[in-house]
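Coordinate inspection notes
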Amino acid sequence: MKIGLLSDTHSYMDDQILRLLADRDEIWHAGDFGSLEVSERLSQVAPLRGVYGNIDGQEIRLLHPKVLRFDVAGLDVLMTHIGGYPGKYHPDIREEIKQNPPQLYITGHSHILKVMTDKKRNNLLHINPGAAGKHGFHKIRTMVRFAIEAGQVRDLQVIELGKRA
């Protein structure tokens, strides 16, 4: 199962992103779509799973939940927009991670690309794909691609999309 993961598009979508997602089995968006058009364009490329972010309006919130928990190819995934990271989980999600840790925990919001493990406390992999859009303080736009095989994340690629401005 090939996954394309992005976040914080803030209404921005370009052909480069769509080309990089074209061979994916699913696309996951970790919030701050910015517009319904971004969600619709991604859905035309591959099946889309997403969560809404703090800038998303009602039309996005009706399509995508705040927190999404699902199993794909034997991997337990938890995705939310504002969730923190290992060692600094957001209070809204901390208890769920403590009681029932996922194998893969995905967030957005910070515009900071992170791939890190929490083996000490929760035995999970955390990914924040950074920001694929042009709005924010980040200098380089990023996204992540990976495969899921037998319940494991494989072949993880960090992709730099170019400068924000």
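I will try to describe carefully the structure that is included in this document. (Residues numbered from 1 in each chain as written. Predicted model: local features only at pLDDT ≥ 70, side-chain atom pairs only at ≥ 80, totals over all residues. Heavy atoms only, no water.)

1. Structural notes on the nonpolar core
The condition that has to hold: As used in this record, nonpolar core signifies buried Ala, Val, Leu, Ile, Met, Phe, Trp, Tyr and Cys residues forming a set joined through side-chain atoms within 4.5 Å. Only protein chains enter the accessibility calculation, which uses a 1.4 Å probe. A residue is then buried if its area is under 20% of the maximum for its type, exposed if over 50%, and partly exposed in between. A run of DSSP states H or I qualifies as a helix once it reaches four residues; a run of E qualifies as a strand once it reaches two. Both are numbered from the N-terminal end. Two residues form a contact once any of their heavy atoms are found within 4.5 Å.
Leu6, Met13, Ile17, Leu21, Ile27, Leu42 and Met143 are the most contacted members of the largest nonpolar core, which totals 18 residues. Residue assignment for this core shows that the elements contributing at least two residues are α1 (15-21), α2 (36-45) and β12 (152-163). For Leu42, the residues in contact, after removing those within four places along its chain, are Met13, Leu18, Leu21, Ile27, His29, Phe33 and Leu48.

2. Notes on the sheet that holds strand β9 (residues 113-118)
Selection criterion: At least two bridges found by DSSP between two strands is the condition for calling them paired. Only the contacting stretch of a helix is used when fitting its axis, a line to C-alpha atoms as for every element, and angles between N-to-C directions run 0 to 180 degrees.
If you trace the five strands from one edge of the open sheet to the other, you get β4-β5-β8-β10-β9, paired in mixed fashion. Among the strands making up the open sheet, the edge pair consists of β4 (67-72) and β9. The mean angle between the axes of side-by-side strands here comes to 15 degrees, regardless of whether they run parallel or antiparallel. In this fold helix α4 (residues 91-99) packs onto β4, β5 (75-80), β8 (104-106) and β10 (124-129), with an angle of close to 165 degrees to the strand it touches most, β5.

3. A look at the pairing of β4
Note: β4 against β5, six bridges, orientation antiparallel. The residue bridging Arg69 from the neighbouring strand is Leu78, located in β5. Taking the residues between adjacent antiparallel strands as the criterion, β4 and β5 are bridged by two residues, where Ala73 takes a positive phi near 50 degrees.

4. Structural notes on the packing of aromatic side chains
Put simply, the test is: The aromatic pairing rule takes the rings of Phe, Tyr and Trp, using the six-membered ring of Trp, and pairs them if the centres are within 6.5 Å, calling planes under 30 degrees apart stacked, those over 60 edge-to-face and the rest tilted.
One pass over the structure, following the stated rule, counts three aromatic pairs. Centre to centre, the rings of Trp28 and Phe146 are 5.7 Å apart; their planes meet at 70 degrees, and the pair counts as edge-to-face. Of this pair, Trp28 sits in strand β2 (residues 26-29) while Phe146 sits in strand β11 (residues 140-149), placing them 118 residues apart in sequence. The two residues Trp28 and Phe146 agree in class, both being buried. Arranged with centres 5.6 Å apart and planes meeting at 70 degrees, the rings of Tyr89 and Tyr105 form a pair that is edge-to-face. On the criterion of sequence distance, the pair formed by Tyr89 in strand β7 (residues 88-89) and Tyr105 in strand β8 is long-range, its members being 16 residues apart.

5. Considerations on a nonpolar patch on the surface
Definition in use: Exposure above 30% relative accessible area and the absence of a salt bridge qualify a residue for a patch, where like charges join within 9 Å and nonpolar side chains (Val, Leu, Ile, Met, Phe, Trp, Tyr) within 5 Å. Areas reported as accessible are Shrake-Rupley estimates using a 1.4 Å probe. Residue values count occlusion only from the protein chains shown. A pair is scored as a salt bridge if a Lys or Arg side-chain nitrogen falls within 4 Å of a carboxyl oxygen belonging to Asp or Glu.
Together, Leu113, Val115, Leu156 and Val158 line one region of the surface with nonpolar side chains, adding up to about 270 Å² of accessible area. Those elements that place two or more of their residues in the nonpolar patch are β9 and β12. By the element assignment, Val158 lies in strand β12.

6. Overview of the environment of Asp76
Mapped onto the elements of the fold, Asp76 is located in strand β5. Sequence-distant contacts of Asp76, that is, excluding residues within four places in its chain, are made with Arg69, Phe70, Asp71, Pro101, Pro102, Gln103 and Leu104.

7. Quick look at α2
Rules: As used here, the arc belongs to the directions running from the helix axis to the C-beta atoms.
Burial in α2 covers these residues: Leu36, Val38, Ser39 and Leu42. Viewed along the axis of α2, the buried residues span an arc of 160 degrees, placing them on a single side of the element.

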